[in-house]
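Each chain is listed here by its residues.
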Amino acid sequence: MATAPDESPAPPPRLARHTRVLAVLAWAGVAMACLAMSLALLWRTDLENTQPLHVMISWAAFLALTFHFHLALVAGAALLLALATKRRRLALASAAVVAAGLVPAAWSCRPKPAPVLDGGDHLTIMSANLLFSRAEPSRLKALVDAERPDVIVLQEYTLDGADAIRRVLSGDYPHMIEQPQENAYGQAVFSKRSFTQPPRLYPEGAVWDCPQILSVVEVGGRRVGIMDIHLYPPGSYNNVVGHRLQAATLARHIRAVLASGTLDGLVLAGDFNATPESPHLGAIRGAGLAAAHDQAGIGRGATWPNVTMARFAPGIRIDQILLSDSLACTDSRVLDRIGSDHRPIVARVGWRRAGGK
């Protein structure tokens, strides 16, 4: 008499029911992640198009691009459930989303070839968003003492906090330009190097209610312009529109500056409120700039958020340092927290050797 093959015992009815509910939720999460990623990849935004429907769809695509890594983590949880419960189709769909979101993050950890510099002088730049000057001056000073940057650009530099920051920095950084404000859009630049021309606000002729400071220093006998950046946070409809128009205006301004030949090199540093994948950064880089982190940084380089419990979640990189083609970065890092919701960043740059990569 033949013996029936052994069979695994059926799961208890309550466990089976819970597993089915989890599978439905997993499918819903994966489907939403697929739709969001598809929108992000296929939608072509025009930053200067202010038609409400275009703006809203573009905002949805912007958010999907911003949080594509997090969408992949959601799909990763669905993949684990699919593997544990032997749901092949769910596993395949989840794996596709995981790959789309995590492969770029893995790629960012690859070793990067060192650029060939022209030797001689170099420039170290630090950027820090102070969170309405709530950052702790002593912690900022400790980072400055450790990194010894030549130029520090600050955002969210307020009237109330300016004196405390000035006290800890002005001794080593005698050259400064300040535009403190009561809101989040005050800025300051502290420099060890003298400015070769009076710092000014830019873009010229543009109506911006948040000042953006351009200063120029000399590096190896050549002029480097440094733009302190703080663009609108896209958290409301008006700010979304303003953020898009700022990025488009800034891209045009950069093209004009680079074409004019008035500077030998250009650096943008600050809080762009946009990740490298966004069309905003795409437009600005397309004007003739490259990201310092892409040249010499390791990993995702997340800078925000860094307060409350949110600091334990995977962050995003919205603080950037961008360089014109004449410059190259040999070191780009995200620094320790200073009591702000942003972590400061620092980059060491020099003149790219002619013909060097």
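The structure we're discussing is the one just above.
Reading guide: rules and limits
- Residues numbered from 1 in each chain as written.
- Predicted model: local features only at pLDDT ≥ 70, side-chain atom pairs only at ≥ 80, totals over all residues.
- Heavy atoms only, no water.
- Core = buried A, V, L, I, M, F, W, Y, C linked by side-chain atoms within 4.5 Å.
- Buried < 20%, exposed > 50% of the residue type's maximum accessible area, 1.4 Å probe, protein only.
- Helix = DSSP H or I, 4+ residues; strand = E, 2+ residues; numbered from the N terminus.
- Contact = heavy atoms within 4.5 Å.
- Pairing = 2+ DSSP bridges.
- Axes fitted to C-alpha atoms, helices over the stretch in contact; angles between N-to-C directions.
- Left-handed = near helix turned anticlockwise from the far one by under 90°.
- Nonpolar A, V, L, I, M, F, W, Y, C, P; charged D, E, K, R; others polar.
- Parallel < 35°, antiparallel > 145°, perpendicular 65-115°, else oblique.

> An account of the nonpolar core is requested, with residue identities and associated values reported.
Counting residues in hydrophobic clusters, the biggest one holds 25 residues, and the most contacted among them are Met227, Leu268 and Ile284. Those elements giving two or more residues to this core turn out to be strand E6 (212-219), strand E7 (222-230), helix H7 (237-260), strand E8 (265-271), helix H8 (279-286) and strand E9 (289-291). At six residues, the largest contribution of residues to this core is made by H7. In this structure Ile284 touches Ala247, Leu250, Ala251, Ile254, Leu268, Phe272, Leu289 and Leu322, once residues within four positions along its chain are discounted. In this structure, Val189, Ile321, Ala347 and Val349 belong to the second largest nonpolar core, which totals 24 residues.

> I'd love a proper account of the sheet that holds strand E2 (residues 151-155), names of residues and values included.
The mixed open sheet is built from six strands, whose spatial order is E3-E4-E2-E1-E12-E11. Here the strands that pair on one side only, and so sit at the sheet edges, are strand E3 (175-179) and strand E11 (327-334). Recorded for the sheet is a direction-independent mean angle of 15° between the axes of neighbouring strands. Relative to E2, strand E1 (residues 117-129) is paired through five bridges, and the arrangement is parallel. When the bridges of E2 are listed, Ala128 appears paired with Leu154.

> Tell me about the packing of helix H3 (residues 68-85) against helix H4 (residues 88-107), and name the residues and values.
Here H3 crosses H4 at 145°, and the two axes come no closer than 8 Å. Handedness of the crossing formed by H3 with H4: left-handed. Within the contact between the two elements, H3 uses His68, Phe69, Leu71, Ala72, Leu73, Ala75, Gly76, Ala78, Leu79, Ala82 and Leu83 and H4 uses Leu90, Ala91, Ser94, Ala95, Val97, Val98, Gly101, Leu102 and Ala105. When grouped by side-chain class, the residues that make up the contact of H3 with H4 number 16 nonpolar, four polar and no charged.

> Lay out the packing of H7 against H8 with the relevant residues and their values.
To describe two helices that pack against each other, one gives the angle between their axes and the distance between the axes. Between H7 and H8, whose axes approach to 8 Å, the crossing angle comes to 10°. Taken together, the axes of H7 and H8 lie roughly parallel to each other. Residues His243, Arg244, Ala247, Leu250, Ala251, Ile254 and Arg255 of H7 touch H8, and the partners they reach there are His280, Ala283, Ile284 and Gly286.

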